[in-house]
Amino acid sequence: MSELSKLPNVGKVLEENLLAVGIETPEQLRKIGVEEAFRRIRIERDPGACLHMLYGIQGAILGIPDKHLSADTKQELKAFFHSL
């Protein structure tokens, strides 16, 4: 178990994916950002990574459960997701 597991939304699968793509700490995750973290997971680890995982990463970065993301944030993330 890493420090990542202490973040909201980071369960075993997301933690394993983040670690596998070289993101080992909450600080690294915040620095890299949601889009790059998700892009790495899709390319290197899980081509089928879903929109819910993207929301989870953003919530982890912000320190909130993904269900509390604003509608605007979700819309921006959805647009990014569909651009991949």
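Further up the page is the structure itself.
Just so it is clear, the structure is predicted and the values come from calculations on it, not from any experiment.

Caption draft 1: Highlighting helix α1 (residues 12-20). Buried within α1 we find Leu14, Glu15, Asn17 and Leu18. In a view along the axis of α1, the buried residues occupy a sector of 165°, so they form one face of it. In α1, the exposed positions that point more than 90 degrees away from the buried face belong to Lys12 and Val13. Next to the buried residues of α1 lie α2 (26-32), α3 (34-45) and α4 (51-62).

Caption draft 2: A look at the pattern of salt bridges. Inspection of the entire model under this criterion finds four salt bridges. Two residues, Glu3 and Lys6, come together in a salt bridge whose shortest N-O distance is 3.2 Å. Since its relative accessible area comes to 63%, Lys6 is described here as exposed. Across the pair Arg40 and Glu36 runs a salt bridge, and its minimum N-O distance is 3.2 Å. You can see Arg40 and its partner Glu36 sitting in helix α3, four residues apart, about one turn around the helix.

Caption draft 3: Spatial organisation of the side chain of Ser2. Here Ser2 lies in the segment before α1. Contacts of Ser2, omitting those with residues within four sequence positions, involve Glu15, Leu19 and Glu24.

Conventions we followed
Residues numbered from 1 in each chain as written. Predicted model: local features only at pLDDT ≥ 70, side-chain atom pairs only at ≥ 80, totals over all residues. Heavy atoms only, no water. Buried < 20%, exposed > 50% of the residue type's maximum accessible area, 1.4 Å probe, protein only. Helix = DSSP H or I, 4+ residues; strand = E, 2+ residues; numbered from the N terminus. Arc of directions from axis to C-beta. Contact = heavy atoms within 4.5 Å. Salt bridge = Lys/Arg side-chain N within 4 Å of Asp/Glu carboxyl O.

Spatial relationships are all this shows, so hold off on functional conclusions.
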